Structures are given as structure tokens and as C-alpha cells.
Amino acid sequence: MRVLSADDVRRAVPMSAAIDAVRDAFRELAEGNFVLPPRQIFGDGAVLVMSAYHSPTGTAVVKKIGIALDQLPAIRATVIWTGRGEQLVAEGSSITTLRTGAVVGVATDLLAPSDATRLTVIGSGAQAPDQVRAVLAVRPIADVTVTGRSADRAAALAAELAAEFPAVGFTSSTDVGESVADAHVVCCATSSSTPLFTADALPATVHVNAIGAFRPTMRELPRDLLASASTVLVDQREAALEESGEIIDAVDSGTLTTADLLELGTALADPPTPTGRTVFKSVGIGCQDWAIAAALAQVQRRMPLR
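The model shown is predicted, which means the values in this text are computed figures rather than measured ones. (Residues numbered from 1 in each chain as written. Predicted model: local features only at pLDDT ≥ 70, side-chain atom pairs only at ≥ 80, totals over all residues. Heavy atoms only, no water.)

Visitor: Explain the nonpolar core to me, and be specific about the residues and the numbers.
Guide: Core analysis: the largest hydrophobic core is formed by 69 residues, its most contacted members being Phe26, Leu119, Val144, Leu264 and Leu296. Per-element tally for this core: the top contributor is helix α11 (residues 286-302), with 10 residues. Sequence-distant contacts of Leu264, that is, excluding residues within four places in its chain, are made with Phe26, Val103, Val106, Leu110, Leu233, Val234, Asp235 and Phe280. Counting residues in hydrophobic clusters, the runner-up holds 24 residues, among them Ala183, Cys188, Leu225 and Val232. (Core = buried A, V, L, I, M, F, W, Y, C linked by side-chain atoms within 4.5 Å. Buried < 20%, exposed > 50% of the residue type's maximum accessible area, 1.4 Å probe, protein only. Helix = DSSP H or I, 4+ residues; strand = E, 2+ residues; numbered from the N terminus. Contact = heavy atoms within 4.5 Å.)

Structure (C-alpha cells):
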């Protein structure tokens, strides 16, 4: 058994490979190849346990997550992957941010305008960098605005990403309305309990990803955006109806019906034709963690990680 560090994870599975792995996992989910037990939630979301079993290979993953929104990093996790005769243990926070970015890359590749060049990310915490990396992997983004409540943190993240992507222009802001006004893609990565903007603040054509809200009491997206979007994509309908505050609110209010929620695996099999505003809401499910862990195991077999 090997214990892999966050650096091991990053070296072994770059964002482009993570996107491919997660895309394949959602296709397999739609084909019925995963057993996904409901996420176990303890202490009002302070501790989460997620698992997934991949029937064709007989492999499984379990992830334990501790969340403390008043600390940095807010997420601490450990991932255990088991296969036939092998086991892998890895630092889970890096896997969580990587697989969350990767699923946004998959959804953005499905729904965002093919010529999208302007990205706004709202939030400057641990999830934000992989949101940017994922969108840059699938669209020709030229300009990125990092928007956060803290001007210093937003500026620091913009500078960090500018060093990583020198060909892309990065700016920072604390004004959400101004930041989204001309965006082609918006990524929401906050712990907000109230919507971050109104639909009127957005362009007529834009793709919005929302990954920060993971409790029924949290909401990043406004009801009027969900009402007007041509496509509302979710990672899994059951998980969204159980955990996504904005989806629960929209269904309870009659803004959406459950039939309006298109699952990612289904969309990959039969891609929609996006028009106007589109939305992807993710709460995260176990097959994403399995995808990254399986990719790690494959790399380790070829070239043992040190």
C-alpha cells in the first residue's frame, strides 16, 4: 500500500487527463456501471463520507472529508481506492478540487460557446484554481476575472494563476455584477447561502457552473436564472435534489420540475443543443473520486510514484 501526497496526485493526473477520466466515468454511470450509495453526512455537513463501486472492474473508492469553512484549507480529505490485490491511499483534498474542476471542464465543454474567451470565477478559495484550469483546458479563454469578497485574496489568486498561464490575462475584482456582465463562462465556487447575482446581471448568452453550495441551506444561483436557462445540467438528479440548495428551492417553488434536470451522463450520450443561458450544478458524487483514483492507480502501475 502506498500513500500518495497532493504533489503525487498533481504530477500523475494533469487537468486534461482528469477531465477525460471524469467524462468516461459519467458515461459509465449512465450505462449503470456504478453503485453509488448515498453520501453520509455528519455534524450538519462537517464530516462527509462518499463511496463508489465500479462493477466491471470490481474496484471501489471511499473518501472521508472534513469541512470547516472558517479554516484554510476548508476541506481536508483522504481517499482510499481498492482493486483486485492492490490498494491506494491518497491525500483527498487535491483529488476533490481536481475532480470538481474536471467535472466543470466536462460540462463546460458540452454547454459553453465554442469560442468563449472570457471567464469569471467567483470565489478565491481552494476550489477556485481548478475551476480556472478546467475551463482553460476546454475553451480558448483569453481573459479571466477572479472575483472575491477580499480584494487581497482575489488579487493574490489572480497573480498566482497569471504565473501559471502567462498567455492569459488575469484581473481581480470584488464587484460580482461588473465581473459577470460580459462573461462567456462563469464559475461559482463559494460557500454563499444567498444567490451571488441576478439573471439580469448576466449576458444573454453565457454558461454558468456552480460547485460551491453543497448543503440545502446554501445557494449560489438565483431562481430567475434557473427559470430562464435553456439547459439545467446536474451531475446526478438524486444528489442534486438531496443536497443542492438552489435546485431544492427551484423545485419546491415550482420554478423547475425534476424532469427539467438533465443528468450529465445522459447529456454525454445525447448532447443537448445549448442556446442562451445554460447552467451546470454539481454537488459532487463518488464516481468522480473513483475516476481520479483509478487514473492514479493506472499511472502507479506503469511508473511507481515516489
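That shown, we press on.
Visitor: Help me get a handle on the packing of helix α3 (residues 92-111) against helix α4 (residues 128-138), residues and values and all.
Guide: Where α3 meets α4, the closest approach of the two axes is 8 Å, and the angle between their N-to-C directions is 35 degrees. When the axes of α3 and α4 are compared, the crossing they make is right-handed. Contact with α3, carried on its side by Thr97, Leu98, Thr100, Gly101, Ala102, Val104, Gly105, Thr108 and Asp109, involves Asp130, Gln131, Ala134, Val135 and Val138 of α4 and no other residues of that element. (Axes fitted to C-alpha atoms, helices over the stretch in contact; angles between N-to-C directions. Left-handed = near helix turned anticlockwise from the far one by under 90°.)

Visitor: I'd like to hear about the layout of surface pockets, residue by residue, with values.
Guide: Put simply, the largest pocket is a space of about 940 Å³. What lines the largest pocket is a set of 37 residues, and nearest its centre among them are Leu69, Gly125, Ala189, Thr190 and Ser191. Put simply, the parts of the chain that give the lining of the largest pocket at least two residues each are β5 (59-67) and α3. Per element, the largest residue contribution to the lining of the largest pocket is 3 residues, and it comes from α3. There is about 270 Å³ of room inside the second largest pocket. Surrounding the second largest pocket, 15 residues form its lining, Pro37, Pro38, Arg39, Ala239 and Glu243 being those nearest its centre. Among the elements of the structure, β4 (47-54) and α8 (237-243) are those that each provide at least two residues to the lining of the second largest pocket. For the lining of the second largest pocket, the element with the most residues is α8, which contributes 4 residues. Its residues assigned to classes, the lining of the second largest pocket shows 7 nonpolar, 4 polar and 4 charged. (1 Å grid on protein atoms, 1.4 Å probe; cavity = no way out; pocket = protein on both sides within 12 Å on 5 of 7 lines; lining within 4 Å. Points joined across faces, edges and corners; volume = space filled by probe spheres on them. Nonpolar A, V, L, I, M, F, W, Y, C, P; charged D, E, K, R; others polar.)

Visitor: With reference to specific residues and values, describe the sheet that holds strand β11 (residues 185-188).
Guide: Taken in spatial order, the 8 strands of this open sheet run β10-β9-β8-β11-β12-β15-β13-β14, and their pairing is parallel. Across the chains shown, the open sheet's two edge strands, defined by having one partner strand only, are β10 (169-173) and β14 (261-263). With direction set aside, neighbouring strand axes in the sheet form an average angle of 20 degrees. As paired elements, strand β8 (residues 118-122) and β11 share 4 bridges and run parallel to each other. By the bridge assignment for β11, Val121 is matched with Cys187. The strands touched by α4 within the sheet are β8, β9 (143-147), β10 and β11, with β8 carrying the most contacts at an inclination of about 160 degrees. Lying over the sheet, helix α5 (residues 151-164) contacts β9 and β10, oriented at roughly 170 degrees with respect to β10. (Pairing = 2+ DSSP bridges.)

Visitor: Which residues make up the environment of Arg219, and what values go with them?
Guide: In this structure, Arg219 sits in the loop between β12 (206-210) and α7 (223-228). The spacing of Arg219 and Leu256 is 37 residues in sequence and 15 Å in space, taken between C-alpha atoms.

Visitor: So what about α4? Which residues, and what values?
Guide: With respect to burial, α4 is a largely interior element, 10 of its 11 residues being buried. Residues of α4 that are buried include every one of Ala128, Pro129, Asp130, Gln131, Val132, Arg133, Ala134, Val135, Leu136 and Val138, and no others.

Visitor: Describe the packing of aromatic side chains, and please don't skip the residues or the numbers.
Guide: Within the structure shown, the criterion is met by 1 aromatic pair. Judged by centre distance (5.1 Å) and plane angle (80 degrees), the rings of Phe34 and Trp290 are edge-to-face. With a gap of 256 residues between them, Phe34 in strand β2 (residues 34-35) and Trp290 in helix α11 connect regions that are remote in the sequence. Of the two residues examined, Phe34 and Trp290, each falls in the buried class. (Phe/Tyr/Trp six-rings, centres within 6.5 Å; stacked < 30°, edge-to-face > 60°.)

Visitor: Explain the side chain of His207 to me, and be specific about the residues and the numbers.
Guide: Within the secondary structure, His207 sits in strand β12. In this structure the side chain of His207 is engaged in a polar contact, spanning 2.7 Å, whose partner is the side chain of Asn209. If we ignore the near neighbours within four places in the chain, the residues touching His207 are Ala107, Thr108, Leu111, Ala112, His184, Val185, Val186, Thr278, Val279 and Phe280. (Polar contact = N/O pair within 3.5 Å; in protein donor to acceptor, adjacent residues only side chain to side chain.)

Visitor: Which residues make up the pairing of β11, and what are the values?
Guide: Here β11 shows a buried face lined by Val185 and Cys187 and a second buried face lined by Val186 and Cys188. Both β11 and β12 contribute to a ladder of 4 bridges, which runs parallel. Residue pairing in the sheet places Val186 in a bridge with Val208 of β12.

Keep in mind these values describe shape, not function.
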